[in-house]
Every structure is written in C-alpha cells, then in structure tokens.
Amino acid sequence: MTEQQGRISFLNLARVTEKYGAEIDLAVSRVVKSGRYLLGEENERFEAEFARYIGTRHAIGCASGLDALMLIFRAYMEMGVMKPGDEVIVPANTFIATILALTENGLKPVLAEPGMESLQIDDAQIEDLITERTRAICIVHLYGRLAYTERIGEICRINGLKLIEDNAQAHGCMTGDGCKTGSLGDAAAHSFYPGKNMGALGDGGVVTTDDEELARTVRSLANYGSTEKYMFRYCGRNSRLDEIQAAILNVKLKHLDEDNAHRKEIGRYYINHIDNASVLLPQTLPPESNVFHLFPVLCTRRDELQEYLAGNGVETLIHYPLPPHKQECYREWNGISLPVTERIAAEELSLPIGPVISMEEAAEVVRLINMF
Ligand SMILES: Cc1ncc(COP(=O)(O)O)c(C=O)c1O
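Fair warning: this is a prediction, and the values are worked out from it, not measured in the lab.

**Q** Please provide a residue-by-residue account of the overall build of the protein, values included.
**A** What the protein contains, in helices and strands, is 11 helices and 11 strands. At 21 Å, the protein has a C-alpha radius of gyration in line with the 21 Å of a compact globule built from 372 residues. By its C-alpha atoms, the protein is 65 × 55 × 40 Å across when sized along the principal axes. Looking at the protein as a whole, 55% of its 372 residues are labelled buried. Partitioning the contacts of the protein with sequence separation of at least 6, the portion at a separation of at least 24 is 71%. Here the protein carries 37 positive and 53 negative side-chain charges, and the mean point of each set is 4 Å from the other.

Spelled out as structure tokens, the structure:
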C-alpha cells in the first residue's frame with residue numbers, strides 16, 4: 001500500500017492534481033497574469049478542443065453539469081420543441097441533477113427502470129412509457145458506462161424524440177465503432193466536478209451538440225439571454241466556465257485518455273480477480289465502452305461490507321443510497337415502487353478507482369473482498 005498511513009482513499013484528489021501539477025500551475029498563472037478571467041482565449045480553446053475530442057460541431061462552456069442539463073432543456077423550451085408538462089423518459093437510478101434539470105423546466109420526468117446487469121436504462125421497457133406528451137429520452141452514462149443502444153436510437157428516430165445524453169460521468173467513453181458519448185444524440189451535458197474522469201479544480205460544465213440553433217440558444221441563455229451586448233432575447237442566467245477552470249481543463253483534456261487507460265486497467269483487474277459469491281460485478285460491456293468513472297459492486301450485505309473495508313483501511317462510497325423518487329424534494333413520488341432501482345440503491349458499493357490508485361492498492365482491495 002502506498003497511500004499515507006496505509007489507508008486507501010476512494011479518490012485522492014490532491015494526488016490527482018499533483019500528477020499534472022506543474023502544467024496546471026503554468027496554466028493558472030497564465031490566466032492570472034492575462035487579466036482576462038471570463039469568456040476569453042482559454043474558453044475558446046477549450047470549447048474547440050473539447051468539441052473535436054467528442055466529435056460534435058459545437059461545445060458551449062457553462063458553470064456546471066447541472067447547468068449544462070438545465071440549459072439544454074431550457075433551450076428546447078425557448079425553441080418551441082418542448083413545453084411545460086411535456087414528458088422526458090429518464091433512468092430512475094440516476095444522480096438527482098438529471099431529474100432536477102427536468103423539473104426546473106416544468107418537464108415531467110418519466111422514470112424508467114435500469115437493467116440489473118447493465119445498471120443502465122433498460123431499453124426493453126422504454127416503448128411502454130411513451131405517450132403523446134413524450135418529447136425526449138435522456139440517457140445517463142452512469143458509472144462511466146455506455147448507456148446508448150441501437151434500440152434507443154431507433155426508438156427516438158421512429159417516435160420523433162430528442163435524445164439527450166447526461167455524460168457527466170463518462171468522458172472518453174465510446175461505442176464499439178468509436179463514437180464518443182456526448183456525440184450520440186441531439187445534445188449532451190458534461191460535468192467537470194473535481195471527482196469526474198476529467199475534473200476541474202472547482203465547478204464547470206459544457207454542452208455538446210451538432211445543432212446550430214440549439215448551440216446558439218444555449219450560449220445566449222448562459223449569458224443572461226443576451227444575443228448582442230446589452231440586448232436580451234431571453235430571461236437567461238449567468239452560467240459561465242471561468243478562464244482558470246478552462247485553462248485547467250485544457251491541461252486535463254490532454255491527459256484524459258491516459259487517465260482513462262489507468263482506470264480501465266484497475267477496472268479489468270477487479271473484474272478478473274474479485275472472487276466472492278456474495279459480491280456481484282454487474283458488467284455487460286466491452287472495454288472501450290466503459291471508462292470506469294466508478295466501480296460498482298452489488299452485495300446484499302452492503303453496509304457490512306462497507307464497514308469491513310473501512311475497518312481495514314479502504315474507503316468506499318455508495319452511488320446512490322436513495323433514488324430520486326424516494327427523496328424528500330420529490331415527496332409526491334415517494335409512494336412509487338421501482339424495485340430494480342431500489343435494489344441497486346440498497347446493494348451498491350463503489351470501490352476505489354481513479355487515475356492515481358496503484359496496482360498494489362487494487363490488489364489489497366481484492367484481497368480484502370475475497371476474504372469477506
Ligand atoms: C449523472 C450526473 N449528472 C449530472 C451531474 C451534475 O454535475 P455537476 O455536479 O457538475 O453539476 C452529475 C455530477 O455531479 C452526475 O453524476
């Protein structure tokens with residue numbers, strides 16, 4: 001074990017930053033000296049590079065992943081594509097932000113169960129949820145795993161639905177034919193929350209799309225609704241990616257594939273070596289379609305397993321202990337029963353994974369789990 005005092009952190013962010021520390025210091029000091037702190041060259045460069053990396057025509061920086069999602073749906077409202085009360089099909093086992101972006105815009109989330117193996121929205125159940133008010137399917141590449149399927153693409157095409165991707169957790173993830181998540185639908189939201197595969201040193205987000213009108217509307221909404229200086233077409237918001245974060249992300253983007261390669265190595269090691277009948281490793285994907293943002297295992301004695309690992313110096317987290325439909329903020333849905341989602345919430349445990357965890361640390365995690 002190499003972690004200080006023999007403990008294995010879930011994700012040691014100081015070590016992640018240190019990995020590219022010299023380059024980050026240079027980038028930050030360049031911005032500090034430039035005197036330009038918002039909407040400058042770093043943003044321009046980042047938007048161009050990120051769009052090229054993802055494979056879309058446009059990338060628009062904004063303040064967070066939640067804002068990226070909110071701005072996409074708000075833009076569709078302004079464009080007349082969606083209106084209050086319209087429905088969006090979304091996986092029930094997502095992080096709350098995906099759902100907040102819908103309800104904030106007066107849209108109705110229609111919660112779809114995930115598959116127990118993929119942990120992603122179950123495409124076999126989607127068609128039954130479509131009504132005349134359905135306008136979009138929002139897939140979430142949860143845990144860094146591809147959620148897109150040919151069938152979902154087909155359902156959207158046949159029913160004239162928008163396909164939105166929540167790519168907060170899956171930067172660099174690809175389909176079998178090499179298309180990146182974030183380029184598979186009509187628009188995608190990305191988060192640069194520090195713990196993400198490509199994390200900033202603060203908040204940040206971006207919207208990617210090929211749709212010129214959507215890109216223009218999102219950019220305007222993120223800048224108070226302005227179309228030209230001091231002229232406001234929409235009642236917008238202030239949602240900017242600041243120059244320091246953009247400069248840091250310009251560094252991080254260069255190393256994303258290398259960081260993901262390390263995550264994959266750890267992920268594969270866990271898959272090949274964890275051997276305990278009470279610990280399940282739900283996996284259905286080929287290696288290119290998983291960038292291992294998280295490594296979820298399922299265990300009916302989850303809390304006991306977490307305590308045992310903690311007692312042996314291994315930090316784990318739960319993603320997520322209470323699904324959106326059971327949260328207090330959505331008390332009107334608390335009575336809904338979604339057994340697969342609820343089972344995942346009760347049994348999921350995320351093992352340490354990231355760009356700085358060593359093979360010895362991974363081996364220690366495996367050793368402990370196999371002895372549980
Ligand atoms: C699936 C998912 N969607 C959206 C978000 C929101 O991103 P942010 O924290 O940047 O607002 C996150 C991360 O926090 C997430 O994991």
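**Q** Which residues make up the site of the ligand, and what values go with them?
**A** The local shell around the ligand holds 13 residues, among which Gly65, Asp166, Gln169, Ser191 and Lys196 are the closest. Within the backbone of Gly65, a nitrogen or oxygen atom sits 2.7 Å from an oxygen atom of the ligand. A distance of 2.9 Å separates an oxygen atom of the ligand from a polar atom in the backbone of Leu66. The protein chains hide 91% of the 380 Å² of surface that the ligand would expose on its own. Among the elements that line the shell around the ligand, the one with the most residues is helix α4 (residues 65-78), at three residues. In the shell around the ligand, the residues fall into seven nonpolar, four polar and two charged.

**Q** Can you lay out the pairing of strand β7 (residues 205-209) for me, pointing to particular residues and giving the numbers?
**A** Counting buried residues in β7 gives five out of five residues, a clear majority hidden from the surface. Judged by which residues are buried, β7 turns out to be covered on both faces: Gly205, Val207 and Thr209 on one side and Val206 and Thr208 on the other are all buried. Relative to β7, strand β6 (residues 187-191) is paired through five bridges, and the arrangement is antiparallel. Its bridge partner being in β7, Ser191 is matched across the sheet by Gly205.

**Q** Describe in detail the nonpolar core, supporting the description with residues and values.
**A** Phe73, Tyr76 and Ile164 are the most contacted members of the largest nonpolar core, which totals 36 residues. For this core, the elements supplying multiple residues, two or more each, are β1 (58-62), α4, β2 (87-91), α5 (96-104), β4 (134-140), β6 and α7 (212-221). No other element matches α4, which puts nine residues into this core. The contact partners of Phe73, leaving out residues within four places of it in the chain, are Met82, Val88, Ala101, Leu102, Asn105, Leu107, Cys138 and Ile164. Counting 23 residues, the second-largest nonpolar core is a separate cluster that includes Tyr270, Ile274, Phe292 and Cys299.

**Q** Can you explain the pattern of salt bridges? Please cite residues and give values.
**A** Overall, the coordinates contain 19 salt bridges when judged by the stated rule. The partner of Lys19 in a salt bridge is Asp259, with the nearest N and O atoms 2.8 Å apart. Residue Lys19 is located in helix α1 (residues 13-19), and its partner Asp259 is located in helix α8 (residues 243-273); the two are separated by 240 residues in the primary sequence. In this structure Asp259 comes out as buried when scored by relative accessible area, which is 3%. We note a salt bridge from Glu78 to Arg74, for which the minimum N-O separation is 2.7 Å. With Glu78 and Arg74 both in helix α4 and four residues apart, this pair spans about one turn of that helix. Through salt bridges with shared partners, a single network forms among Arg30, Glu42 and Arg45.

**Q** Which residues make up the pairing of β6, and what are the values?
**A** Across the five residues that make up β6, a large majority, five, are buried. Across the two faces of β6 the burial is the same, with Ala187, Ala189 and Ser191 and Ala188 and His190 all buried.

**Q** Now, about the side chain of Ser239: what can you tell me, with residues and values included?
**A** Take Ser239: it is sitting in the loop between β9 (231-232) and α8. For Ser239, a relative accessible area of 1% gives the class buried. For Ser239, the side chain forms a polar contact with the main-chain nitrogen of Ala63, separated by 3.0 Å. Polar contacts involving the side chain of Ser239 include one to the side chain of Asp67, which spans 2.6 Å. The residues touching Ser239, leaving out its near neighbours within four places in the chain, are Gly61, Cys62, Ala63, Asp67, Leu71 and Ala222.

**Q** Could you give an account of the packing of helix α2 (residues 21-34) against α8, with specific residues and numbers?
**A** Where α2 contacts α8, the two axes come as close as 9 Å, and the packing angle between them is 150°. Considering the angle they form, α2 stands roughly antiparallel to α8. Judged by the sense of rotation from one axis to the other, the crossing of α2 with α8 is right-handed. On α8, the residues touching Glu23, Ile24, Ala27, Val28, Arg30, Val31 and Val32 of α2 are Glu243, Ile244, Ala247, Ile248, Val251, Lys252, Lys254 and His255. The residue makeup of the contact of α2 with α8, split by class, is nine nonpolar, one polar and five charged.

Here is what the cut-offs are and how they apply
Residues numbered from 1 in each chain as written. Predicted model: local features only at pLDDT ≥ 70, side-chain atom pairs only at ≥ 80, totals over all residues. Heavy atoms only, no water. Helix = DSSP H or I, 4+ residues; strand = E, 2+ residues; numbered from the N terminus. Rg over C-alpha atoms; globule rule 2.2 N^0.38 Å. Buried < 20%, exposed > 50% of the residue type's maximum accessible area, 1.4 Å probe, protein only. Contact = heavy atoms within 4.5 Å. Lys, Arg positive; Asp, Glu negative; His and termini not counted. Charge placed at Lys NZ, Arg CZ, Asp CG, Glu CD. Near = heavy atom within 4 Å. Polar contact = N/O pair within 3.5 Å; in protein donor to acceptor, adjacent residues only side chain to side chain. Areas by Shrake-Rupley, 256 points an atom, 1.4 Å probe, with all protein chains shown as cover. Nonpolar A, V, L, I, M, F, W, Y, C, P; charged D, E, K, R; others polar. Pairing = 2+ DSSP bridges. Core = buried A, V, L, I, M, F, W, Y, C linked by side-chain atoms within 4.5 Å. Salt bridge = Lys/Arg side-chain N within 4 Å of Asp/Glu carboxyl O. Axes fitted to C-alpha atoms, helices over the stretch in contact; angles between N-to-C directions. Parallel < 35°, antiparallel > 145°, perpendicular 65-115°, else oblique. Left-handed = near helix turned anticlockwise from the far one by under 90°.

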